Amino acid sequence: MLGRGAAGLFCALHAAERGPVTLVAPSAPLGSATAWAQGGIAAALGPDDSPELHALDTLDAGAGLCDERAVEVLVREAPQAVRELQAMGMAFDEGGTPSLEGGHRARRVMHAGGDASGRVLHRFLGRRVADDTRVQWIDQLARAIVLRDGRAAGVVLEADRRVESDRVVLATGGACGIFGRRTGPATSLGDGVVLAWDAGAALADLEFIQFHPTALDVPGHPARLLTEALRGEGALLVDAKGARFMPRFHELAELAPRDVVARAVVQVREQTGEPVYLDARAIADVTTRFPVAAESCLQAGLDISREPVPVAPAAHYFVGGVLTDTWGRTSIPGLLACGEVASTGVHGANRLASNSLAEALVFGRRAALAADEPWGVEPIGDPTPHELAPPLRGLTLGEVRELCDRFLGVRRRGDELSDVTSTLSGSDRDGGNHIATLVAWIVALAALRRLESRGGHFREDFPQPDPNWRIRQVVDRGGWRTLAVPEAQPRR
Ligand SMILES: Cc1cc2nc3c(=O)[nH]c(=O)nc-3n(C[C@H](O)[C@H](O)[C@H](O)COP(=O)(O)OP(=O)(O)OC[C@H]3O[C@@H](n4cnc5c(N)ncnc54)[C@H](O)[C@@H]3O)c2cc1C
């Protein structure tokens, strides 16, 4: 088991029922995006909710690219995962009553500790795993997958230490750390994506990245997330003159989908040449109701209860990853993936808020219970080989982040993507960060190839969705293939 976020920890607890587990992961809790999560866990547990409604909202957010089989699994098993946590002793806010959140048409989001849900979940699962004598924890990073006869048979750690195992589960989280402006851990560089790539596994959906529209934008301070719930409670987006602008862009104004708000913020900043602000002064008791957001502002010298705070989009969630079926199986026998590192197809082209903790729990459990075979995914045709060589040692992390922020962000353009892929290709700088560079290279290539705009991928030169692109892009070292998205079943 690689990684100790929600996916790795929940998977480890379930895998321990089948036999001894070795958990490989660095100890720093803030290296796990789970500990940063503010919203909560989506699960159809409310009296006016149902898995069907949850599926509808997930499919809407996914913009036509969700794999409905994965969605079905998520919405049916998320309530079970939450009940399991409760049975293990985890307490949720409001006596376990779900709350409403943007994009969800029913009260569906389970909170714990107010806007510190992720921290509470992470600590709770961490303690359970630490108490479980069947799980041995090695405080290190995995560097490679050991393959024997085409099957994953263990991992190589730092200093060339090896751990043998009959299967390897990647639960290493996302890759938004390749961006300078990101809401999560700096260390989320996509290790699992590169481990899988090196092992020859297939990846998918790498062009789709969710940008959160309201991350703090104060020079010299990290782009901390200012949760959507602030806008849900009445915070407004205003320009430097204090004028509200979102009603011009969408009928739902500040509550429009994340990608719409993110593009609007970028456009207003460009047009005015000045910052955009989130004004939360109208929210009563904002600092006590949103302690994490208030503290983030305070660290940047701002008091969210007294002044509008500057915001801009930041990379938030890595939709793509290692291609898996609904049991976490990858294209390499014995290698599984779950959580943000995996691409099950459940999020389609964009993720519904609060679905990723649910995903980590549901698919973490499944990866622990999966039978060995068969792999349930079928990419189509022979691969189109890569035209450009992959990076060698790569560029420095700072250089990668600068390129990603400028060219792989909220709005992308073909000519710029073309330049970026050439710059990254074959790059071999002293002190180069191979992992970040390789991930950025694949993301840029995937974004260059997709000639349309959909979900978390917006091309200025192809601003509309194209029905011919209702396919998923799959890539491995041999090149590019596609994966058909099964026709949606009528639900309404
Ligand atoms: C600010 C913020 C707020 C969010 N809010 C929400 C929310 O409210 N609801 C929601 O559903 N989602 C939310 N998300 C997304 C959600 O937190 C993540 O998608 C989810 O926690 C991912 O869990 P994970 O277990 O897959 O990965 P992570 O929690 O990121 O854990 C990855 C683990 O892998 C380890 N690792 C990395 N590389 C290696 C390696 N080479 N070898 C061994 N171990 C390695 C890391 O150290 C870490 O332990 C939020 C994300 C952010 C950044």
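Think of each chain on its own: its residues are numbered from 1, step by step along the sequence as written. Restriction of local features to residues with pLDDT of at least 70 applies here, the model being predicted, together with a cutoff of 80 or more for giving and counting side-chain atom pairs; totals for whole chains, interfaces and linings are based on all residues. Excluding hydrogens and water, the side-chain values take into account all heavy atoms of the structure.

**Q** Got a sec to walk through the site of the ligand? Specific residues and values, please.
**A** To be near a molecule or strand, a residue needs just one of its heavy atoms within 4 Å of it. Not every one of the 36 residues close to the ligand is listed here, only the nearest: Ser32, Thr34, Gly39, Glu340 and Leu357. Counting of polar contacts relies on pairs of N or O atoms within 3.5 Å, with two restrictions inside protein: one atom must be capable of donating a hydrogen and the other of accepting it, and residues adjacent in sequence are counted only when both atoms are side-chain atoms. With respect to the ligand, the backbone of Gly39 contributes an N or O atom lying 2.5 Å from an oxygen atom. Side-chain polar atom of Arg351 to a nitrogen atom of the ligand: 3.2 Å apart, as the coordinates give it. Residue burial considers only the protein chains on display, and all accessible areas are found by Shrake-Rupley using a 1.4 Å probe. Bound to the protein, the ligand loses 97% of the 1000 Å² it would expose on its own. A helix here means a DSSP run of H or I that spans at least four residues, while a strand means a run of E at least two residues long, and both kinds are numbered starting from the N terminus. Elements supplying a minimum of two residues to the shell around the ligand: α1 (6-15), β13 (309-318) and α10 (355-369). A total of 3 residues in the shell around the ligand trace back to one element, the largest contributor, which is α10.

**Q** Hey, could you go over unusual backbone geometry for me, with residue numbers and the actual values?
**A** In this structure, Glu94 is a non-glycine residue whose phi angle is positive, near 55 degrees. With respect to the helices and strands, Glu94 occurs in the loop between α3 (68-88) and β3 (109-110). Burial classification: accessible surface area is computed with a 1.4 Å probe over protein chains only, and a residue below 20% of its type maximum counts as buried, one above 50% as exposed, and the rest as partly exposed. We classify Glu94 as exposed; its relative accessible area is 65%. You will see that Ser354, though not glycine, has its phi angle at about 75 degrees, which is positive. With respect to the helices, strands and loops of the structure, Ser354 is situated in the loop between β16 (342-343) and α10.

**Q** An account of empty space enclosed by the protein is needed here, citing residue identities and associated values.
**A** Each cavity reported here is a set of points on a 1 Å grid over the protein atoms alone in which a 1.4 Å probe fits but cannot get out, each pocket an open set with protein on both sides within 12 Å along at least five of seven lines, and each lining residue one with an atom within 4 Å of a point. Grid points are joined across faces, edges and corners, and a volume is the space filled by probe spheres set on the points. Under the counting rule described, the total for this entry stands at 2 cavities of 30 Å³ or more. Of the voids in this model, the largest cavity is the one considered here, and its volume is about 90 Å³. As for the largest cavity, its lining consists of 13 residues, and the residues nearest its centre are Ile209, Phe211, Asp259, Gly455 and Gly456. Elements with a minimum of two residues in the lining of the largest cavity: β10 (209-216) and α7 (258-272). When residues in the lining of the largest cavity are grouped by element, the largest group, 4 residues, is from α7. Under the scheme applied here, ten amino acids are nonpolar (Ala, Val, Leu, Ile, Met, Phe, Trp, Tyr, Cys and Pro), four are charged (Asp, Glu, Lys and Arg), and all others, including Gly, are polar. Residue composition of the lining of the largest cavity, grouped by class: 5 nonpolar, 5 polar and 3 charged. Estimates place the volume of the second largest cavity at around 30 Å³. Lining the second largest cavity are Asp205, Val319, Ser343, Thr344, Gly345, Val346, His347 and Gly348. Of the residues contributing to the lining of the second largest cavity, the split by class is 2 nonpolar, 5 polar and 1 charged.

**Q** Go over the packing of α1 against α10, please, and point to the residues and values.
**A** Here an angle of 0 to 180 degrees is reported between the N-to-C directions of two axes, which are lines fitted to C-alpha atoms, with helices fitted over the stretch in contact. At a minimum axis separation of 8 Å, α1 and α10 run at an interaxial angle of 30 degrees. Taken as axis vectors, α1 and α10 run roughly parallel relative to one another. At the point where α1 passes α10, the crossing takes the right-handed sense. Packed against α1, whose contacting residues are Ala6, Ala7, Phe10, Cys11, His14 and Ala15, the element α10 presents Leu357, Ala360, Leu361, Gly364, Arg365, Ala367 and Ala368 at the interface. Of the residues assigned to the contact of α1 with α10, the class counts are 10 nonpolar, 2 polar and 1 charged. By the definition adopted for this analysis, an angle is roughly parallel if under 35 degrees, roughly antiparallel if over 145, roughly perpendicular if from 65 to 115, and oblique otherwise. If you view the pair so one helix is near and one far, a crossing is left-handed when the near helix is turned anticlockwise from the far one by less than a right angle, and right-handed when it is turned clockwise. Note on definitions: a residue-residue contact is assigned when non-hydrogen atoms from the two residues lie within 4.5 Å.

**Q** Tell me about the layout of surface pockets, and name the residues and values.
**A** Estimates place the volume of the second largest pocket at around 1200 Å³. Along the walls of the second largest pocket sit 39 residues, with Leu100, Glu101, Gly102, Gly103 and Glu228 positioned nearest its centre. Along the lines of polarity and charge, the residues of the lining of the second largest pocket split into 11 nonpolar, 14 polar and 14 charged.

**Q** Please provide a residue-by-residue account of the pairing of strand β18 (residues 471-476), values included.
**A** Counting buried positions over the 6 residues of β18 gives 5, a clear majority of the element. Whether two strands pair comes down to DSSP finding at least two bridges between them. Strand direction decides the pairing type here: β18 and strand β19 (residues 479-484), joined by 6 bridges, are antiparallel. Within β19, the residue paired with Arg472 across the bridge is Leu483.

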